[in-house]
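# Tertiary structure, described
In case you want the letters, here they are:
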Amino acid sequence: MFIDTHCHLDGEEFSADRDAVIQRAREAGCERIFLPAIDLKSCKTVFDVCNQYPDYCRPMFGLHPEEVRDDWRDQLSAISNWLSVNVQHSSPDAQKPIAIGEIGLDYYWSREFEQQQLEAFEEQVRWAVEMQLPLMIHCRKAQNEMVHIIKRYAHKLPGGVFHCFTGNEQEALQLLEFDRFVLGIGGVLTFKKSHLPETLAAVVPLDRIVLETDAPYMAPVPMRGNRNESAFIRYVITRLAETYAVSEDEVCKQTTDTATRIFGDK
Ligand SMILES: [Zn+2]
C-alpha cells in the first residue's frame, strides 16, 4: 500500500471518470490521495472532492506561485476567509486541511511577479506556522530564494514536502538540511534522460522520500504523454526499488511511514 501525496484529482481532466480513477488507484494499492489547491476556486473543488470521498481523499489549501498576480492579496484573504468559514467552523465530519499547498516560487516562465510571489509565499509559510500544518512546496528556478525564506521559519514549521524534486546532488543536500522536510518523487524518475535515480541513490536516504503523481501531469514511462493518475505510481515504485536495491514492498512501507510522519495519520 502507498500514498499519492500530490494529485490534482479535482481537475476537470477527471470530471468524467473520477470514480473509475479512484477504483484503479485502490486496486493498484494506493491507500490515500492528497489534493493540493492552486487558488481560491480550486480550494473549493478540492474540498468538494475530498468530502465526496471522505475515506480516501485529503485536502490542502493555498495559492500556487504561478497563480500569483497583482491581486494576490485579495486571493489570499479570500482563501483565508473561506478557510475559516467553511473548514475550521464546519461540521466535525467535514474534511480539515492536512497541509498548506501548493505554495512556493516559480521563475521558470517569468519573473514578472517575483516580488509578489516572495510575499505571497512568506505569508502562507506564516499560516503554516500558525496552524501548525506542513507545507507542500512547489519550486522552479528559485531554490535559493525559497530556501532563504524557509530558513527563517524552519524551527517553527512542523515539516513539509519539496514537491516534484528534479535537482542535482547539491540541491538535494541543501533541501535535506531541513530535517523535517522530504522530497516528493514522481514520474520524472522514470524518464530516460533523468539523472534523478543516480542523484537519489548518491545522497537521498529512502526515508526522506514521499511518492506523488502531480496528476494529471508528469505521467511516468511507459504512460508518458498520457493523463497521469495515482495507479501509475506503481511504475515509480518499481524504479525506486531498482534505485535503492530494495523490494517494492520496502519502498511502499518507507514512503508511507514518511508521509505519515509529515502529514499525520490521515
Ligand atoms: Zn501540483
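A brief structural summary. (Residues numbered from 1 in each chain as written. Predicted model: local features only at pLDDT ≥ 70, side-chain atom pairs only at ≥ 80, totals over all residues. Heavy atoms only, no water.)

### What to know about the coordination of the zinc ion
- Protein coordination of the zinc ion is provided by His6 (NE2), His8 (NE2), Glu102 (OE) and Asp214 (OD), with donor distances spanning 2.1 to 2.4 Å.
- Geometry at the zinc ion is irregular, judged from its 4 donor atoms and the angles of 86 to 172° they form at the metal.
- Sequence spacing among the residues donating to the zinc ion works out to H-x1-H-x93-E-x111-D. Of this pair, His8 sits in the loop between strand 1 (2–4) and helix 1 (18–28) while Glu102 sits in strand 4 (residues 99–106), and the two are 94 residues apart along the sequence. In terms of burial, His8 and Glu102 fall into one category: buried. (Donors = N, O, S within 2.8 Å, 3.2 Å for Na, K, Ca; no water. Tetrahedral: all angles 85-135°; square planar, octahedral: opposite > 155°, others 65-115°. Helix = DSSP H or I, 4+ residues; strand = E, 2+ residues; numbered from the N terminus. Buried < 20%, exposed > 50% of the residue type's maximum accessible area, 1.4 Å probe, protein only.)

### What about the nonpolar core?
- Core analysis: the biggest nonpolar cluster contains 76 residues, and Cys57, Leu135 and Ile150 have the highest contact counts within it.
- Sort the elements by how many residues they give to this core and helix 4 (residues 114–131) lands first, with 7 residues.
- Residues within four places of Ile150 in sequence aside, it is in contact with Phe121, Val125, Leu135, Ile137, Leu157, Phe178 and Phe181.
- Grouped together as the second largest cluster of nonpolar side chains are 12 residues, Ile98, Met136, Val182 and Val210 included. (Core = buried A, V, L, I, M, F, W, Y, C linked by side-chain atoms within 4.5 Å. Contact = heavy atoms within 4.5 Å.)

### Focus: unusual backbone geometry
- With an omega dihedral of 0°, the bond running from Gly101 to Glu102 counts as a cis peptide bond.
- Along the chain, Ala215 connects to Pro216 via a cis peptide bond; the corresponding omega equals 10°.
- Position of Pro216 relative to the elements: it lies in the loop between strand 8 (209–211) and helix 8 (233–244).
- Residue Lys141 is not a glycine yet carries a positive backbone phi of 55°.

### Describing the packing of aromatic side chains
- Tallying each qualifying case throughout the model produces 9 aromatic pairs.
- Ring pairs connect the aromatic residues Phe47, Phe61 and Trp82, which therefore count as one cluster.
- Taking NZ or CZ as reference, Arg26 lies 4.2 Å from the ring centre of Tyr56, over its face.
- Arg140 extends its terminal NZ or CZ atom over the ring of Tyr108, reaching a point 4.3 Å from the ring centre. (Phe/Tyr/Trp six-rings, centres within 6.5 Å; stacked < 30°, edge-to-face > 60°. Lys NZ or Arg CZ within 6 Å of the ring centre and 35° of its normal.)

### Remarks on a negative patch on the surface
- Where like charges cluster on the molecular surface, the negative patch consists of Asp70, Asp71, Asp74 and Glu112.
- Position of Asp71 among the secondary structure elements: in the loop between strand 3 (57–61) and helix 3 (72–88). (Patch = residues over 30% accessible without salt bridge, like charges linked within 9 Å, V, L, I, M, F, W, Y side chains within 5 Å. Areas by Shrake-Rupley, 256 points an atom, 1.4 Å probe, with all protein chains shown as cover. Salt bridge = Lys/Arg side-chain N within 4 Å of Asp/Glu carboxyl O. Lys, Arg positive; Asp, Glu negative; His and termini not counted. Charge placed at Lys NZ, Arg CZ, Asp CG, Glu CD.)

### Some thoughts on the packing of helix 8 against helix 9 (residues 248–263)
- For the pair helix 8 and helix 9, the least separation of the axes is 8 Å and the interaxial angle reads 105°. As judged from the angle between their axes, helix 8 and helix 9 are roughly perpendicular. Here helix 8 contributes Arg234, Ile237, Thr238, Leu240 and Ala241 to the contact with helix 9, which in turn contributes Glu248, Val251 and Cys252.
- When the residues that make up the contact of helix 8 with helix 9 are grouped by side-chain class, the tally is 5 nonpolar, 1 polar and 2 charged. (Axes fitted to C-alpha atoms, helices over the stretch in contact; angles between N-to-C directions. Parallel < 35°, antiparallel > 145°, perpendicular 65-115°, else oblique. Nonpolar A, V, L, I, M, F, W, Y, C, P; charged D, E, K, R; others polar.)

### Thoughts on the pairing of strand 2 (residues 30–35)
- Bridge count between strand 1 and strand 2: 3 bridges; the pairing is parallel. Within the sheet, the bridge partner assigned to Phe2 lies in strand 2 and is Cys30.
- Handedness of the crossover joining strand 1 and strand 2 through helix 1: right-handed.
- Direction of pairing for strand 2 relative to strand 3: parallel, over a ladder of 3 bridges. Each bridged residue has a counterpart across the sheet, and for Phe34 the counterpart in strand 3 is Arg58. (Pairing = 2+ DSSP bridges. Right-handed = clockwise from strand over helix to strand, strands pointing away.)

### Structural notes on the packing of helix 4 against helix 5 (residues 143–153)
- Closest axis-to-axis distance for the helix 4/helix 5 pair is 11 Å, and the angle between their directions is 30°. In terms of axis orientation, helix 4 runs roughly parallel to helix 5. Helix-helix and strand crossings are classified by hand; for helix 4 and helix 5 the assignment is right-handed. Mapping the contact onto sequence places Leu118, Phe121, Glu122, Val125, Arg126 and Val129 in helix 4 and Glu145, Met146, Ile149, Ile150, Arg152 and Tyr153 in helix 5.
- The class makeup of the residues in the contact of helix 4 with helix 5 is 8 nonpolar, no polar and 4 charged. (Left-handed = near helix turned anticlockwise from the far one by under 90°.)

### Focus: the sheet that holds strand 5 (residues 135–140)
- Within the open sheet, the 8 strands sit side by side as 1-2-3-4-5-6-7-8. Their pairing is parallel. The sheet is open, and its two edges are formed by strand 1 and strand 8, each paired on a single side. When strand polarity is set aside, the average angle formed by the axes of neighbouring strands in this sheet is 30°.
- Where strand 7 (residues 181–185) meets strand 8, 3 bridges bridge the pair, whose relative direction is parallel.

### With respect to helix 8
- Over its 12 residues, helix 8 runs 16 Å from end to end, which matches the ideal 16 Å to within 8%, given 1.5 Å per residue.
- Next to the buried residues of helix 8 lie strand 1, strand 7, helix 7 (196–203), strand 8 and helix 9.
- Positive phi appears at Ala245, one or two residues downstream of helix 8, with a value of about 50°. (Expected span 1.5 Å × (residues − 1).)

All quantities given are derived from atomic positions and should not be read as evidence of function.
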